[in-house]
Every structure is written in C-alpha cells, then in structure tokens.
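Close look at the chain arrangement
Residues per chain are reported as follows:
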Amino acid sequence: MAVNNDEKQQNKPIGHSPLAHKSLLQSDALYQYILETSVFPREHPCLKELREMTEKHPRNHMATPADEGQLLSMLIKLINAKNTLEIGVFTGYSLLSTALALPSDGKVLALDVSREYYELGLSIIEKAGVANKIDFREGRALPLLDELLQDENNKGTFDFVFVDADKDNYLNYHKRVIELVKIGGLIGYDNTLWSGSVVAPSDAPMLDNIKRLRGYVIEFNKYLAHDSRIEICQLPVGDGITLCRRIS
C-alpha cells in the first residue's frame, strides 16, 4: 500500500537534521519551538541583524546562539552587573547581548585575537547605541589578563565574566578570572559539553577539532567540579554553559 507524504512525515524519527545547530536538544523541532516562541519575539532588532549577518559567515559555528544570548542578558540583569569582561568576541552577538543588558553606566571589557571579526559587527553595535559601553582590546587573552592582574585595583572588580575562546586554555583563563571577578560575581564558560563529545567513547567518530579539544574540556569540567572557591551549575543551553558563582 502506498504511503502519502503526510504519513511519511508523521513517521519520521524525531531528531537532528543533517544541518548542525547550536543546541544539544535531540529534537530540531523542539529547539525551533523555543527560538520562535520565547527567543526571536524578544530579540532586539540589532541582535537579529547581527545574527543573520553572522549566519552567512563561513565560521558561523563560532557564534553564540540566540537562546544563550537571551540567558546572558537575563543573568546580567538579575545580578545588576555593571562591570563585565568577555573573552572571545567573534562578530559580537554575546557582546551586544551584554552591552544591551547593562545599565547606561555599565562597561564590558572585550578581548579577542581578531579585530577583523569584531569589526564585522561593529556598525550594528554602533546602530544599537551601545558602542560606548565596550572597551575592545585586540590580542591574546592570557597576556592581557596577566596585565590586568598586575594592578591590584582590578582584582575582585568584575561582576560578570563570559568566556568563549580557545578551549585548551580554559583552565588558564579560570585561574586568572577567578581573581578578577568579585565574590558573589558570576563567570560563564561556553561549550562545556563540547557537542556532546564529553560522554562519547574516545574512539567515536568526531570532527578533528572536537576530538583535539575534547580532553581539555573534560579536564576543565572536572576541575570546576572540585574548585571550592565557586558554586557551579552546568546547563544544556547552546553547546553547554557552566555558570560559576565565586564564593571565596
């Protein structure tokens, strides 16, 4: 008996389409529901413009997804953050989310090795009217963080830190930003579930970049779990984000 297209669609397994996206949810339809119901209707027009521009970039997988940007914005407002730090900017979706969420006198210090990527989104950030809140510094983050730490006045002054950069240096970043964030402040580390590879067998098929950095992410997660200076909460938003509240 012939099966019509509607029946074929109904019998189709719920899961991922061949197109990768920035969610660990096992249902593309469910992820799209979240975006269309709760995220996109509230997305600032300039965030939408920046997102759509970035989607056309060959390295668009590096961008922060819209639902995670919404989470960052909510967190910043909940803790009344004013002084923030971002490590890893790309075209600036998370940076713009942060700048829009900050009060008029808020500041975000943004570190990235590529000014070229940042400038792709800069005109949109300027259109949003928040470029004055951003202090962008080009260069490798570790030396820039060490420079900050040389001044005792910088220690314990950041309300919120977001890290989305080279995963093999996450532990090095943590050892520095834990001194820069204030007690009671929040650090967010992106990609801590690393496309789900953290639970995959070591011989499982993986993209080269996922396989190369998988061990660093696993080591980092173990370190955070035993760091008595923080409280942690790991969320399956985007590619996994771990929130760390400094308590000592």
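Figured I'd write up the structure that's included with this text. Note that the structure is a prediction, hence the values are computed from the model and not measured.

Quick look at the overall build of the chain
Along the chain, the regular secondary structure elements total 9 helices and 7 strands. In terms of overall dimensions, the chain is globule-like: its C-alpha atoms have a radius of gyration of 19 Å, near the 18 Å expected for 248 residues. The proportion of buried residues among the 248 residues of the chain is 47%. Considering only residue pairs separated by 6 or more positions, the chain has 67% of its internal contacts joining residues 24 or more positions apart. Total accessible area on the chain is roughly 13,300 Å²; 53% of this is exposed by carbon and sulfur atoms. Put simply, the chain has 28 plus and 34 minus side-chain charges, and the middle of one group is 2 Å from the middle of the other.

Some thoughts on the pairing of strand 4 (residues 158-163)
The element strand 4 is extensively covered by neighbouring structure, given that 6 of its 6 residues are classed as buried. One ladder, built from 5 bridges, connects strand 4 with strand 5 (residues 181-190); its direction is parallel. Opposite Val161, over in strand 5, you have Ile187 as the bridge partner. Running through helix 8 (residues 170-180), the crossover from strand 4 to the neighbouring parallel element strand 5 is right-handed.

Structural notes on the layout of surface pockets
Computed from the structure, the second largest pocket encloses a volume of approximately 320 Å³. With 6 residues, helix 4 (residues 66-78) is the largest single contributor of residues to the lining of the second largest pocket. In terms of residue class, the lining of the second largest pocket is built from 7 nonpolar, 6 polar and 3 charged.

Some points on the sheet that holds strand 5
Ordered by their spatial adjacency, 7 strands build an open sheet running 3-2-1-4-5-7-6, and the pairing between neighbours is mixed. With one partner strand each, in any of the chains shown, strand 3 (134-138) and strand 6 (230-235) form the two edges of the open sheet. Pairs of neighbouring strands in the sheet enclose a mean axial angle of 15 degrees, with direction left out of account. Sitting on the sheet, helix 5 (residues 93-101) is in contact with strand 1 (83-87), strand 2 (107-112), strand 3 and strand 4, with an inclination near 175 degrees to strand 1.

Let's talk about helix 8
Counting buried residues in helix 8 gives 8 out of 11 residues, a clear majority hidden from the surface. Taken as a whole, helix 8 has its buried residues at Tyr170, Leu171, Tyr173, His174, Arg176, Val177, Ile178 and Leu180.

Overview of the pairing of strand 6
Note that strand 6 and strand 7 (residues 241-246) share 6 bridges and pair antiparallel. Residue pairing in the sheet places Gln234 in a bridge with Thr242 of strand 7. In this structure, the hairpin formed by strand 6 and strand 7 is closed by a connection of 5 residues, where Gly238 is found at a positive phi of approximately 60 degrees.

Digging into unusual backbone geometry
The phi torsion at Asn80 lies on the positive side, around 55 degrees, for a residue other than glycine. By the secondary structure assignment, Asn80 is in the loop between helix 4 and strand 1. Here Asn191, not a glycine, exhibits a phi torsion of approximately 65 degrees, which is positive. Following the sequence through the fold, Asn191 ends up in the loop between strand 5 and helix 9 (208-225).

Looking at helix 7 (residues 141-149)
Of all the positions in helix 7, only Ala141, Leu142, Leu144, Leu145, Leu148 and Leu149 are classed as buried. What you see down the axis of helix 7 is that its buried residues fit within an arc of 165 degrees, all on one side. Where helix 7 is buried, its residues touch strand 1, strand 2, strand 3 and helix 8.

Considerations on the packing of helix 8 against helix 9
For the pair helix 8 and helix 9, interaxial distance at closest approach is 9 Å and the crossing angle is 30 degrees. Here helix 8 is positioned roughly parallel relative to helix 9, judged by the angle of their axes. Together, Tyr170, Leu171, His174 and Lys175 of helix 8 and Glu219, Phe220, Tyr223 and Leu224 of helix 9 make up the contact between the two elements. Along the lines of polarity and charge, the residues of the contact of helix 8 with helix 9 split into 5 nonpolar, 1 polar and 2 charged.

The rules behind these values
Residues numbered from 1 in each chain as written. Predicted model: local features only at pLDDT ≥ 70, side-chain atom pairs only at ≥ 80, totals over all residues. Heavy atoms only, no water. Helix = DSSP H or I, 4+ residues; strand = E, 2+ residues; numbered from the N terminus. Rg over C-alpha atoms; globule rule 2.2 N^0.38 Å. Buried < 20%, exposed > 50% of the residue type's maximum accessible area, 1.4 Å probe, protein only. Contact = heavy atoms within 4.5 Å. Areas by Shrake-Rupley, 256 points an atom, 1.4 Å probe, with all protein chains shown as cover. Lys, Arg positive; Asp, Glu negative; His and termini not counted. Charge placed at Lys NZ, Arg CZ, Asp CG, Glu CD. Pairing = 2+ DSSP bridges. Right-handed = clockwise from strand over helix to strand, strands pointing away. 1 Å grid on protein atoms, 1.4 Å probe; cavity = no way out; pocket = protein on both sides within 12 Å on 5 of 7 lines; lining within 4 Å. Points joined across faces, edges and corners; volume = space filled by probe spheres on them. Nonpolar A, V, L, I, M, F, W, Y, C, P; charged D, E, K, R; others polar. Axes fitted to C-alpha atoms, helices over the stretch in contact; angles between N-to-C directions. Arc of directions from axis to C-beta. Parallel < 35°, antiparallel > 145°, perpendicular 65-115°, else oblique.

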